[in-house]
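# Examining the three-dimensional arrangement
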Amino acid sequence: MAALGREAGDDVRVAGVVPVGAAEVPKDIKIPTYTHGQSRPSLGDAKLRKPVVIEIIEKKIECLREEKTLNIHGTLTFGTTAAFSGMLTNFIFRHRLKVTHDVLKTYASLTALPFLSTIVSYKLLVTDALCSGNISQENCVLRSSLIGIACGVLYPTALAFSKNGRLAFKYHTVPLPPKGRVLLNWLLLCHTEIKAMVIPLILQTTFGIFHGLQHYAIFESTLEKTVHED
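So, how was this worked out
Residues numbered from 1 in each chain as written. Predicted model: local features only at pLDDT ≥ 70, side-chain atom pairs only at ≥ 80, totals over all residues. Heavy atoms only, no water. UniProt positions renumbered as here; feature names shortened; annotations may be inferred. Helix = DSSP H or I, 4+ residues; strand = E, 2+ residues; numbered from the N terminus. Buried < 20%, exposed > 50% of the residue type's maximum accessible area, 1.4 Å probe, protein only. Contact = heavy atoms within 4.5 Å. Areas by Shrake-Rupley, 256 points an atom, 1.4 Å probe, with all protein chains shown as cover. Phe/Tyr/Trp six-rings, centres within 6.5 Å; stacked < 30°, edge-to-face > 60°. 1 Å grid on protein atoms, 1.4 Å probe; cavity = no way out; pocket = protein on both sides within 12 Å on 5 of 7 lines; lining within 4 Å. Points joined across faces, edges and corners; volume = space filled by probe spheres on them. Polar contact = N/O pair within 3.5 Å; in protein donor to acceptor, adjacent residues only side chain to side chain. Salt bridge = Lys/Arg side-chain N within 4 Å of Asp/Glu carboxyl O. Patch = residues over 30% accessible without salt bridge, like charges linked within 9 Å, V, L, I, M, F, W, Y side chains within 5 Å.

The protein has the name Complex I assembly factor TMEM126B, mitochondrial in an unreviewed UniProt entry, where Ovis ammon polii is given as its organism. The record in UniProt for the protein states the following under Subcellular location (unreviewed entry): "Mitochondrion membrane".

All right, on to the overall build of the protein then. Helices and strands together make up the secondary structure of the protein, namely 7 helices and 0 strands. Sequence-ordered secondary structure for the protein, helices as α and strands as β, is α-α-α-α-α-α-α. Burial analysis of the protein (230 residues in total) assigns 28% to the buried set. Counting only contacts in the protein whose residues sit at least 6 apart along the sequence, the fraction spanning at least 24 positions is 80%. Split by element, the accessible area of the protein, about 15,700 Å² in all, is 67% carbon and sulfur.

This part takes up the packing of aromatic side chains. Two aromatic rings, taken as a pair, are described by how far apart their centres are and by the angle between their planes. One pass over the structure, following the stated rule, counts 4 aromatic pairs. Seen from their ring centres, F78 and Y122 are 6.0 Å apart, and the 85 degrees between their planes marks the pair as edge-to-face. Highlighted residues: F78 in helix α2 (residues 43-97) and Y122 in helix α3 (residues 103-132), separated in sequence by 44 residues. You'll find F78 and Y122 in the same group, each marked buried. With 5.8 Å between their ring centres and 75 degrees between their planes, F93 and F161 make a pair best called edge-to-face. Separated by 68 residues along the polypeptide, F93 in helix α2 and F161 in helix α4 (residues 137-171) bring together distant segments of the chain. Of the aromatic side chains, those joined through ring pairs into one cluster are F78, Y122, F207 and F210.

Its boundaries defined by the atoms lining it, the second largest pocket holds a volume of some 170 Å³. Contributing to the lining of the second largest pocket are D102, K105, T106, S109, K163, R166, L167 and K170. For the lining of the second largest pocket, the secondary-structure elements that each account for two or more residues are α3 and α4. Examining the composition of the lining of the second largest pocket, we find that 4 residues originate from one element, α4, more than from any other.

Tracing the backbone through its elements, the reader meets S117 in helix α3. The sequence separation of S117 and A82 amounts to 35 residues, and the corresponding C-alpha distance is 9.1 Å. What S117 contacts, discounting residues up to four positions off in sequence, is C151 and Y155. There is a polar contact of 3.0 Å between the side chain of S117 and the backbone oxygen of P114.

Applying the stated criterion across every chain, the model contains 1 salt bridge. Close ionic contact of D128 with K123 constitutes a salt bridge, the shortest N to O distance being 2.8 Å. The class for K123 is partly exposed, based on a relative accessible area of 42%.

Our next topic: the environment of L183. Along the polypeptide, L183 turns up in helix α5 (residues 182-189). Residue class for L183 comes out exposed when judged on its relative accessible area of 53%. Separated by 21 residues in the primary sequence, L183 and S162 have C-alpha atoms spaced 9.8 Å apart.

On the surface, V120, L124 and L125 cluster together into a nonpolar patch covering about 280 Å² of accessible area. Mapping L125 onto the fold places it in helix α3.

Shown next, in the form of structure tokens:
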């Protein structure tokens, strides 16, 4: 009987069946343990870190708010100079072409359109490029001065010339030019006024250079503050 029992036990082991009492703990089950010197994250540490993070975020927001405020003021001033240039251009051409009609309409368009075109162009070509980091100081100054020339001098001059020239032709305030030479005749008639636009050209170019330098310096100082706080 004992021999039969041993043979039965051997058969069970050969078949891969392990008795209940001889079972071992599986090796793939891991119990989380902490080694010596390793500290668990405590609620007190989290409470201490929270004010520091909030303070850093508040400082960054304050720097960005300051940079944005200065940028908005400078851009609005830049647009205002373009609007004054448009008013001056409108006055010169109205006086030369002896136009007395639609005063409010022409002054409103010659003031608002250069102002808005300067603001939008500066936002797209300079401010967005600075925020993306894809512009150098020289490029920033160049773009700002070109915006001052294009939106503050060339655009108001062309706009005042076309609007007041149309009114002069409509109300016959100046002698009508021969057919086929309208534009040339009016250019010869207004050549003195066109030369006078050199004054706003110099002013807009100077202010564009100054504003570009100032805006880039503000952007660099804000970026340095953010890096040092990190």
